[in-house]
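Report on the structure
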Amino acid sequence: MNFNHFSQKLLQWYPENKRDLPWRNTQNPYIIWLSEIILQQTRVAQGLPYFQKFIENYPTVGDLAASPQEEILRLWQGLGYYSRARNLHKCAKQVVDNHQGEFPNTYKSLLKLQGIGQYTAAAIASFAYKEKVAVVDGNVFRVLSRYFGIDTDISSTAGKKEFQNLANQVISPEQPDEYNQAIMEFGALQCTPKKTDCNSCPLQSGCYAYNNDLVEKLPVKNKKIKVSTRAFLYHDIECNGKTITKTRGPKDIWEGLTDFPLVEFQSPENIDLEESKLFHELQAFSPTIHFESEKTYKHILTHQKIFSNFVSFKIPSDYQKALEDWAEHKGYLLREPDELEALGKPKLIVRYLNDKK
């Protein structure tokens, strides 16, 4: 296999075709790390405004480490995969507390930081420190699979190992940083999942998939994601302008974010006010109740489909003290409107609140 021809073609293509992005043309490991975490599972167009907000609010890793987690989650709101934001904060604290505010400068040492896996460690090590270690993401899988004709399942352990070994063989030893950027950009812009423009591809002549009519069949990914369905009935409880909220706990979606008290049902069809224990408890406060059973909010996550309905309760001001006692017993908090606005919330809750305005 002519690895040198492959890598040189990519290095020639990249300067003429790369997008002008703020985290490129820098060797600052903080900026590189921040961009890579934000862009995980996220398109560049969606992630760019978040990157700019984080850099504006936290110019250094020390600034990020010193910020409260609630503030970080609020800034992350709408980007999804909130474990990234929590790990971002933990990692920043590790860098400050254990490394005097300086990111480790080797691939192996970077792997020891919270939330940094093989791909992110390789990106930082190569882009910031020019270490010869290859990045392997979805774009890289696709380019390597098609060009070299590899049909090993990329979701399998054997496949991941095979592609990582190949990637480390073909990487340019002189320009590992530029090469890694090039192959990822090539997969994002040229060798795309669908509607691939093979006619203008500089790698066409040596591409196994093109020459064997396999472009649409490679790479191979057999693993199917099992998606579960969940149904929430949220209780939007207000008294004297304040809203009862709860903070989502660990071992479930949206950990650390703020939403409302809820009752979970087996399916959207099973949502029933009369089956809600909270609904019956709140009758003690003589509420005005509003419920539109047909108005359902749908939110799709990688492994879950969430269907949510909202029932609103307006509690007379005479019951405020009794309601506060009830909320405290339940582990809930009453929030002023500006407090609720400042907290990080699931996108589902943001959509509902916007519709209420």
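Please read all numbers here as calculations on a predicted model, not as lab measurements. (Residues numbered from 1 in each chain as written. Predicted model: local features only at pLDDT ≥ 70, side-chain atom pairs only at ≥ 80, totals over all residues. Heavy atoms only, no water.)

Before going further, it helps to examine the overall build of the protein. Secondary structure summary: the protein contains 16 helices and eight strands in total. Summarising its shape, the C-alpha atoms of the protein cover approximately 80 × 50 × 35 Å along the three principal directions. Within the protein, buried positions represent 49% of all 357 residues. Residue pairs at least 24 apart in sequence account for 68% of intrachain contacts in the protein once pairs closer than 6 positions are excluded. When the accessible surface of the protein is totalled, it reaches about 18,100 Å², and 47% of it is carbon and sulfur. Across the protein, 44 positive and 43 negative side-chain charges occur, with their mean positions spaced 5 Å apart. (Helix = DSSP H or I, 4+ residues; strand = E, 2+ residues; numbered from the N terminus. Buried < 20%, exposed > 50% of the residue type's maximum accessible area, 1.4 Å probe, protein only. Contact = heavy atoms within 4.5 Å. Areas by Shrake-Rupley, 256 points an atom, 1.4 Å probe, with all protein chains shown as cover. Lys, Arg positive; Asp, Glu negative; His and termini not counted. Charge placed at Lys NZ, Arg CZ, Asp CG, Glu CD.)

Before going further, it helps to spend a moment on the packing of aromatic side chains. Two aromatic rings, taken as a pair, are described by how far apart their centres are and by the angle between their planes. Summed over all chains, the structure comprises 24 aromatic pairs. Measuring from ring centre to ring centre gives 5.7 Å for F54 and Y58, while their planes differ by 55°; the resulting arrangement is tilted. Judged by relative accessible area, which is 2%, Y58 ranks as buried. Here the aromatic rings of F141 and F163 are separated by 5.2 Å at their centres, their planes lie at 80°, and the arrangement is edge-to-face. (Phe/Tyr/Trp six-rings, centres within 6.5 Å; stacked < 30°, edge-to-face > 60°.)

Interaxial distance between helix α3 (residues 44–57) and helix α5 (residues 69–76) falls to 10 Å at its minimum, and their mutual angle equals 150°. For the element pair α3 / α5, the angle class is roughly antiparallel. Contacts between α3 and α5 involve Y50, K53, F54 and N57 on the former and, on the latter, I72, L75 and W76. For the contact of α3 with α5, the residue count by class is five nonpolar, one polar and one charged. (Axes fitted to C-alpha atoms, helices over the stretch in contact; angles between N-to-C directions. Parallel < 35°, antiparallel > 145°, perpendicular 65-115°, else oblique. Nonpolar A, V, L, I, M, F, W, Y, C, P; charged D, E, K, R; others polar.)

Per the counting criterion, the structure on display carries 16 salt bridges. Here K314 makes a salt bridge to E238, at a shortest N to O gap of 2.8 Å. Taken together, the positions of K314 in strand β7 (residues 304–315) and E238 in strand β1 (residues 228–239) put the pair 76 residues apart, joining distant regions of the chain. Residue E238 is classed as buried on the basis of its relative accessible area of 16%. (Salt bridge = Lys/Arg side-chain N within 4 Å of Asp/Glu carboxyl O.)

The next subject is the pairing of strand β4 (residues 262–265). Side chains V263 and F265 of β4 all project onto a buried face; the interleaved residues L262 and E264 project onto a face where none is buried. In the sheet, β1 pairs with β4 via four bridges, with the strands oriented antiparallel. Opposite A231, over in β4, you have F265 as the bridge partner. (Pairing = 2+ DSSP bridges.)

Looking at the element boundaries, N240 is found in the loop between β1 and β2 (242–247). Linking N240 and D318, residues 78 residues apart in sequence, is a C-alpha distance of 9.3 Å. If near-sequence neighbours (up to four positions away) are discounted, N240 is found in contact with S317 and Q320. Engagement of the side chain of N240 in a polar contact is seen with the side chain of Q320, the distance being 2.4 Å. (Polar contact = N/O pair within 3.5 Å; in protein donor to acceptor, adjacent residues only side chain to side chain.)

Attention shifts here to the side chain of S172. Tracing the backbone through its elements, the reader meets S172 in the loop between α10 (157–170) and α11 (176–189). Those residues in contact with S172 that lie beyond four places of it in its chain are L11 and Y179.

To continue, consider the packing of helix α8 (residues 118–129) against α11. Between α8 and α11, the shortest axis-to-axis distance is 7 Å and the interhelical angle comes to 130°. With respect to α11, the element α8 is oriented oblique. Of the two elements, α8 crosses α11, and the hand of that crossing is left-handed. In this structure, α8 contributes Y119, A122, S126 and F127 to the contact, and α11 contributes P176, D177, N180, Q181 and M184. A class-by-class count of the residues in the contact of α8 with α11 yields five nonpolar, three polar and one charged. (Left-handed = near helix turned anticlockwise from the far one by under 90°.)

Quick look at the side chain of S312 now. You can see S312 is positioned in strand β7. On the basis of relative accessible area, S312 is assigned to the buried category, the value being 14%. Among all residues touching S312, those that are not within four sequence positions of it are D236, T288, I289, H290 and Y352.

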